[in-house]
Every structure is written in C-alpha cells, then in structure tokens.
Amino acid sequence: MQKVLILDFGGQYNQLIARRVREEHVYCELREHDMPLEEIRRFDPIGIIFTGGPGSVYLPGAPKPDPGIFTLGKPILGICYGCQLLAQMLGGRVIPAQADSAREYGKTDTVFDPGCALFRGLPEESVTWMSHGDYLAEAPAGFRLSAHSAACPTAAICDEARRFYGVQFHPEVHHTAFGGAMLHNFLYEICGAAGDWTMASFRDQAVSAIREKVGEGRALLGLSGGVDSSVAAALVAEAVGSRLQCVFVDHGLLREGEGDQVEAAFADRELQFLRVDARERFLKRLAGVEEPERKRKIIGEEFVRVFEEVGKAIGAVDYLVQGTIYPDVIESGRGAAAVIKSHHNVGGLPAQVEFREILEPLRTLFKDEVRQLGRELGLPEELVSRQPFPGPGLAIRVIGAVTAEKLELLRRADAIFREEIAAAGLAQHCSQYFAALTNMRSVGVMGDGRSYDYAVALRSVQTGDFMTADWTRLPYELLDRVSVRIVNEVRGVNRVFYDITSKPPATVEYE
C-alpha cells in the first residue's frame, strides 16, 4: 500500500491535512517532526508533507526535520511554516514581516502559475486562506516563484527538478477555493499515487494481520455498543471467529436504558457476548474525583482490571482488543504534541496489563472511515450511524465530582434532549448531541418559591471526522421545548444553556 508521510510541526490544521489526503484514497500518517531518518526510510513514503506550525523557522530551537530528508529523492510539499522551513533549510531567507501589510490572515486573492505541476489545470487566479506573520524574502537556489498575492510575491515556490513545493497558504482548508485540487495534483501528478486506499483493501489487510498476530490464541474485546467497538468486534470476529470474547462492561455511567439496548443489539449476532455489572466499583473509584484527567485515567484503568478478571475467569486470553481510533490517539498526545484529553483507551491505560498484547485494529482510521468499514463488514446502518458515546460515559458529562444522584439527574435531562431531537426529525442532521450537567448552581423561581439548583448545558455539533466540529443551528422552538421539559420534569435543574462553541477552540465533550 502506498503511503504519504505528514510531519507535524504543531499547526492547528494538521489533522485536516491527513483527512484531505485520505479523501483522495491515499493512505497517510501524521508523525512527529523529528521522526528519525532511518524510520522514514522504512516507512518508504511516496511523498512527504511538512505541516504548518506556530513557530518561526529562524528562531533558535525552531522544530526541524533531519536535513537528510532532502536527500531521499521523495517529493516534498511544505505548507505555511512547512514552506518557510523548506526554504530556510535549503538556503532561502525567511524574516519577520516588516509591515502589517506583509502579514496575511484570512481569504486572500492569489495568482498562480499554471505551468507549475501543483497548479496544473487550475484557474490562474482564485482565493486562498493565508495565516502567516513571517515573510519568505528570498527563495533558495533552484526554486522559482509559482504564486503571488498583493502583499506576498512568494505565495508559492517550486523546484520541479527535485519535486519540492512550498505554499504560504493552507490548501487543506475549505476556504482555499481549489485546495483539494492542489493536493490531488501533489499526490497523483507529482507523487504518482495509485489511489489504493479503500475500505475494502483495509479490511483485507487488517483481517490478514489479525489472523497472523492472534494465531491460535484467544482475544477479549471491550464492547460498548458504540460504532468503534462494534466495528472492531465485527472485524476481529471475521479474522478469528469464536476465539473472540466480547465483554460489555456496565459501569453505571451509561445513558438511560442503554445497557439493555446494547445487550439486545448483540443478542442475535454470532458473537460471544458477556455483560458485566461493574456499577458499584466504578462509582466507588470515582468518589470525590473532580479533575477530568484523573477521571479518565481511573476509568481506563478500571476497564482493564475488569477485562483482566474476565480473562482469568474464562481462561487463556492472550490479547485485549480495543476500538481505539486515530482522533483518540491524536488528542491523547503523540511525542511532543499537546495532550488535549487522555482517552480512556489510550492515555488512560495503566502501565501494566495482564495480557500479552493490546490490539487496536482501527487505530489508524478516522471516525468516518470507521463507519465506511462497518458498512464494508455488513453491519446494519442503525449501528454504523449510531450516535457516538464516549467510553468514560456520563462521568465526563458531569462536571466535577460524580455521584449517583447527579448521574440520574443527567440521564433524564439527556433523554429529554434526545427524544425531542428525534421527534423533530433532526437526529441525522446532528453528528453528536447530548446534555451535560454543569457544576454551577444558581437562584431561580419555581412555584412562587426560591430554588437553588443546577444548570444543564445542551451540546450539538456537526462534523465529518470529529477532529473539527461546528455547533448545530437548532431551531429556537426545539430548544424552547427541551428547556421547558427539562426544568419541569427534572427535579434539581432550574436553568438550561445551549453551547454555541465550535471545535476548536472547544472539544466536543466537556471533560
């Protein structure tokens, strides 16, 4: 399978670059900028992309790759910081913009040289999305200028003999009118991509790899009933059949009626399914814990301890299978990358586990790719399109300390919100929607008397990959119905908020 390597220099759009490459049916991985040269050789990419980043390439300590990367004979595309880095390392000159007019942020009219392979077949002038305060003052020897704007004569550079390209703008964002076509040109015209990244090919390769890894051993999979674990279960079951034991842990942090719904959903499937009641032990471990990262790590560890106990009970289980997906890995931190939140199945894992190995067959997939794989495996659409629900459950939707009373209050408020979304026919319009219980209490008036109760926050977003998300523009009438119902039906709540923050700067979940 052909691969593209994306070196991460810390920019805000870096995951989007990976998404855009995958959308072109080319497999890619986002790796640390200081990936060793020998490891890059083993990875054997057909092309390399340098991402954007917040730094300045001329400052001491600026992140840089091994200079040997330019001797590998691989096509390279530098984006924003990556363009300046490419130029600086090859003998060009990057300086701080001397005037505000030389800085560019937002939509910018840009003129392209259609003779450059990166812009072949595109209009000679269109809009790009700029976001840079430094200035490429001098291109390196062997490069020519291939795009310019009113403020920047070096909006793009290229050395087509070595297949090195740099753009000061961001082709990965939709605001760049023909950004997708530019990436397509880089992948197919410059790197020679064959477009062999499909879910059918991934399925075949994954099944073969799982069979080879597990051999005659046995595997245990934590099945939550969500999309990721369900698809992982179907994939591993295809590989090893009855040697897979699926365990559904009822940790007491589920939505209203969810435990019974999950059990019913898998009752007729050819899977070995076991439901474990662990409600008391999880709540005991979480008692008094307010800090979100501690919650996630406690829940991650407790999940593994339950799996270990089940493994010992059924005997000779070698592998623990998890439905970890690529956004989990990215947000949990890679190398020097920031930890956004430790997903219970990544950063929340304990240091020691009593299994030979942890298998994560979906670890390289984005959410929409997991759904595509589920369809490829023949899972029903109602399961593949199911609302995402985090492994830590309602524990990260109760802000602050978790108690049984707060959980019951939140379950009912969440159920009302989901009922009204479904009744309005908007369930497929919203990628994810839920209620969260804030730790704020305020004065209200109910029944001519004073109340001092909690505020519930409602959250709904639209997204394709869950790396970025926009808040859903729900009708006011719907929000009004939900607010009235929650305040009237859920004792202990006297205010309802609607969260209109996108990701970034927020995350989809609250903790």
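Each remark here, short or long, concerns the structure printed above.
Here, residues in each chain are numbered from 1, in the same order as that chain's written sequence. Given that the model is predicted, a residue must reach a pLDDT of at least 70 before its local features are reported, and side-chain atom pairs must reach 80 or more before they are shown or counted; all residues, however, enter totals for whole chains, interfaces and linings. To get the side-chain values, take all heavy atoms of the structure and skip hydrogens and water.

(A) Main features of the overall build of the protein. Along the protein, the regular secondary structure elements total 14 helices and 20 strands. For this measure, only C-alpha atoms enter the radius of gyration; the expected value for a globule follows 2.2 Å times N^0.38, where N is the number of residues. By the compact-globule yardstick of 24 Å for 511 residues, the protein fits well, its C-alpha radius of gyration being 25 Å. Judged by the C-alpha coordinates and their principal axes, the protein covers about 70 × 65 × 40 Å. Within the protein, the fraction of its 511 residues that count as buried is 56%. Here, residues are in contact when the closest pair of their heavy atoms is within 4.5 Å. Here the analysis covers contacts within the protein between residues at least 6 apart in sequence; of these, 73% occur between residues at least 24 apart. Charged side chains in the protein number 56 positive and 70 negative. The centres of these two groups are separated by 3 Å. Helix and strand assignments come from DSSP, with helices taken as H or I runs of at least 4 residues and strands as E runs of at least 2, each series counted from the N terminus. Residue exposure (1.4 Å probe, protein chains only): buried if accessible area is under 20% of the type maximum, exposed if over 50%, otherwise partly exposed. We treat Lys and Arg as the positive residues and Asp and Glu as the negative residues; His and chain ends play no part in the count. Charge coordinates come from a single atom per side chain, which is NZ of Lys, CZ of Arg, CG of Asp or CD of Glu.

(B) Structural detail: unusual backbone geometry. The omega torsion across K503 and P504 is -15 degrees, close enough to zero to call that bond cis. As for its placement among the helices and strands, P504 is situated in the segment after β20 (493-498). The phi dihedral of R163 is positive, around 60 degrees, even though this residue is not glycine. Here R163 lies in the loop between β10 (156-159) and β11 (164-167).

(C) Geometry of the pattern of salt bridges. Here, a salt bridge means any Lys or Arg side-chain nitrogen found within 4 Å of an Asp or Glu carboxyl oxygen. As enumerated under the stated definition, the model contains 45 salt bridges in all. The residue D44 makes a salt bridge to K74 at a minimum N-O spacing of 3.0 Å. Here K74 lies in the loop between β3 (47-50) and β4 (76-79) and D44 lies in the loop between α2 (37-43) and β3, a separation of 30 residues in the sequence. A residue is classified by how much of its surface remains accessible, and D44, at 46% relative accessible area, is partly exposed. Taking the shortest distance from any N to any O, the salt bridge between E376 and R203 comes out at 3.8 Å. Residue E376 is located in helix α11 (residues 367-376), and its partner R203 is located in helix α5 (residues 199-214); the two are separated by 173 residues in the primary sequence. Of the residues examined, E376 reaches a relative accessible area of 34% and is grouped as partly exposed. When salt bridges with common partners are traced through the structure, they connect E256, R412, E419, E420, R481, R485 and E489 into a single cluster.

(D) Seen up close, the layout of surface pockets. In this structure, the second largest pocket occupies an estimated 490 Å³ of space. Forming the walls of the second largest pocket are 23 residues, and the residues nearest its centre are S385, R386, Q387, P388 and S431. Counting residues per element, the ones that place at least two in the lining of the second largest pocket are α7 (258-265), α11 and α12 (381-384). Note that Gly is not counted as nonpolar here; it falls among the polar residues with everything else outside the nonpolar set of Ala, Val, Leu, Ile, Met, Phe, Trp, Tyr, Cys and Pro and the charged set of Asp, Glu, Lys and Arg. Class assignment of the residues belonging to the lining of the second largest pocket gives a composition of 5 nonpolar, 8 polar and 10 charged. Cavity and pocket criteria rest on a 1 Å grid covering protein atoms alone: a 1.4 Å probe that fits but cannot get out defines a cavity, protein on both sides within 12 Å along at least 5 of 7 lines defines an open pocket, and an atom within 4 Å of a point defines a lining residue. Grid points are joined across faces, edges and corners, and a volume is the space filled by probe spheres set on the points.

(E) Fine view of the environment of L253. Looking at where L253 falls in the secondary structure, it is placed in the loop between β13 (244-250) and α7. The class for L253 is buried, based on a relative accessible area of 0%. Considering only alpha carbons, one finds L253 and R411, 158 residues apart in sequence, at a separation of 9.2 Å.

(F) How the structure looks around helix α9 (residues 292-314). For α9, with 23 residues, the first-to-last C-alpha span of 33 Å sits near the 33 Å given by 1.5 Å per residue. Polar contacts, as used here, are pairs of N or O atoms within 3.5 Å; protein pairs need one atom able to donate a hydrogen and one able to accept it. Residues neighboring in sequence count only if both atoms are side-chain atoms. A distance of 3.0 Å separates the backbone nitrogen of E293 from a side-chain oxygen at the start of α9, and that oxygen is part of E291. In the segment just after α9, G315 is the residue with positive phi, at about 85 degrees. Expected span, for any helix, means 1.5 Å times one less than how many residues it has.

(G) Focus on the pairing of β3. The side-chain alternation of β3 yields two buried faces, one formed by G47 and I49 and the other by I48 and F50. As paired strands, strand β1 (residues 3-8) and β3 are joined by 4 bridges and run parallel to one another. Bridge pairing in β3 places V4 opposite G47. At least two DSSP bridges between two strands are required for those strands to pair. Bridge count for β3 against β4 is 3 bridges, and the pairing is parallel. What sits directly across from I48, in β4, is I76.

(H) Spotlight on the packing of aromatic side chains. Between rings of Phe, Tyr and Trp, where Trp is taken as its six-membered ring, a pair exists when centres lie within 6.5 Å; planes separated by under 30 degrees are stacked, by over 60 edge-to-face, and by other angles tilted. Applying the stated criterion across every chain yields a total of 15 aromatic pairs. A centroid spacing of 5.7 Å and a plane angle of 70 degrees characterise the contact between F9 and F50, whose relative ring orientation is edge-to-face. You can see F9 sitting in the loop between β1 and α1 (14-23) and its partner F50 sitting in strand β3, a full 41 residues away along the chain. Of the residues examined, F50 reaches a relative accessible area of 0% and is grouped as buried. Ring geometry for Y326 versus F366: centroids 5.3 Å apart, planes at 75 degrees, classification edge-to-face. On the criterion of sequence distance, the pair formed by Y326 in helix α10 (residues 326-331) and F366 in the loop between β16 (357-359) and α11 is long-range, its members being 40 residues apart. Counting every residue linked through ring pairs, the aromatic cluster contains F9, F50, F70, Y81 and F164. By definition, being over a ring means that NZ of Lys or CZ of Arg is both within 6 Å of the ring centre and within 35 degrees of the ring normal. Directly above the aromatic system of Y454 lies the positively charged group of R441, at a separation of 5.0 Å from the ring centroid.

(I) Just the pairing of strand β17 (residues 432-446), in detail. Sheet topology places β17 next to strand β18 (residues 449-462); 12 bridges connect them, and they run antiparallel. Pairing of S442 across the sheet is with D453, part of β18. Hairpin connection between β17 and β18: a loop of 2 residues separates the two successive antiparallel strands, and G447 in this loop has a positive phi of roughly 60 degrees.

(J) Region of the structure containing the sheet that holds strand β15 (residues 319-321). One open sheet accounts for 5 strands, arranged β14-β13-β12-β15-β16; its pairing is parallel. Two strands in the sheet have a free side with no partner beyond their single neighbour: β14 (272-277) and β16. The mean inter-strand angle of the sheet, taken between neighbouring strand axes irrespective of direction, is 30 degrees. Between N-to-C directions, angles span 0 to 180 degrees; the directions come from axes that are lines fitted to C-alpha atoms, helices contributing only their stretch in contact. Along the sheet, α9 makes contact with β12 (219-222), β13, β14 and β15, crossing β13 at roughly 135 degrees.

(K) A look at the nonpolar core. What is meant by a nonpolar core is a set of buried Ala, Val, Leu, Ile, Met, Phe, Trp, Tyr and Cys residues, joined one to another through side-chain atoms within 4.5 Å. Grouped together as the largest cluster of nonpolar side chains are 87 residues, with contacts concentrated most on L362, L373, V456, L458, L474 and I486. When residues of this core are assigned to their parent elements, the largest contribution, 10 residues, is made by helix α6 (residues 227-240). If near-sequence neighbours (up to four positions away) are discounted, L474 is found in contact with F417, I421, L426, C430, S460, L479 and Y498. Counting 38 residues, the second largest nonpolar core, distinct from the first, contains L122, M182, L187 and A193.

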